[in-house]
Amino acid sequence: MFLKGHMQNAYVTHDLDKAIEIIGNQFGMEPFQRIDPVLTIKTPKGNQPMSNRVASYWAGGLNIEIIEPVSGYVDDYVAMLPDDKTDCVPRFHHISLRRDDEAEMRREIAELGLPLAFEGPLTSEADIPPLIFVYLDGRKSLGHYVEYTWKSPEAWKFVGWPEGRPVW
């Protein structure tokens, strides 16, 4: 089932601080957990560096993520942003689906047949537990990207998986 494990809605912005202020003030989502990952990812163009500013907030059992692309291979994030760089309103980018079996996740990705946008991390400068994310380009059929996420139990704890939330 495709939407099994839907655990996140993610947005991109030109200015993370202003986007957090907008969402925090209007929708009462505060405080956000923040991280500035510097990664090496796999892309259709080969392995590339990527740097982003990221904030996340758990709204009950749904994670809200906001990403500000910084440098390196950020093409798939920038593609969803307005040309006006002063416009910091968050734009919907992707849903994320939790998977606890990496092999099963990869079979499902292959069966889905959406083009790979990027996958990572191949390397990370952040001190984070083991995890894998695979972004697929679903814009032609869904209007947005789809992320599949496998994380070690330690990584799920690191990102604050809500205690008692079922994994379905």
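Residues numbered from 1 in each chain as written. Predicted model: local features only at pLDDT ≥ 70, side-chain atom pairs only at ≥ 80, totals over all residues. Heavy atoms only, no water.

K.L.:
Just to check I follow, could you spell out the overall build of the chain for this structure?
P.N.:
Counting secondary structure elements, the chain contains four helices and nine strands. Put simply, the chain runs from its N terminus to its C terminus through helices and strands in the order β-α-β-β-β-β-α-β-α-β-β-β-α. Against the 2.2 N^0.38 benchmark of 15 Å for 168 residues, the chain shows a C-alpha radius of gyration of 15 Å, consistent with a compact globule. Overall size of the chain, expressed as C-alpha extent along the three principal axes, is 40 × 40 × 35 Å. Looking at the 168 residues of the chain, the share that counts as buried comes to 48%. In the chain, the share of contacts with a sequence separation of at least 24, taken over all contacts with a separation of at least 6, comes to 65%. (Helix = DSSP H or I, 4+ residues; strand = E, 2+ residues; numbered from the N terminus. Rg over C-alpha atoms; globule rule 2.2 N^0.38 Å. Buried < 20%, exposed > 50% of the residue type's maximum accessible area, 1.4 Å probe, protein only. Contact = heavy atoms within 4.5 Å.)

K.L.:
Help me understand the side chain of H144 in this model?
P.N.:
Within the secondary structure, H144 sits in the loop between β8 (131–136) and β9 (145–151). Residues contacting H144, with those up to four places away along its chain left out, are M80, F92, H93, H94, I95, G138 and R139.

K.L.:
What's the story with the nonpolar core in this structure? I'm lost.
P.N.:
The nonpolar side chains of a soluble globular protein tend to be buried with one another. Grouped together as the largest cluster of nonpolar side chains are 18 residues, with contacts concentrated most on I41, M50, Y77, F118, F133 and Y135. It is β8 that provides the largest number of residues to this core, a total of three residues. Those residues in contact with M50 that sit more than four places away from it in its chain are P37, V38, L39, I41, S71, G72, Y73, V74, Y77 and F118. In this structure, I95, L97, M105 and V134 belong to the second largest nonpolar core, which totals eleven residues. (Core = buried A, V, L, I, M, F, W, Y, C linked by side-chain atoms within 4.5 Å.)

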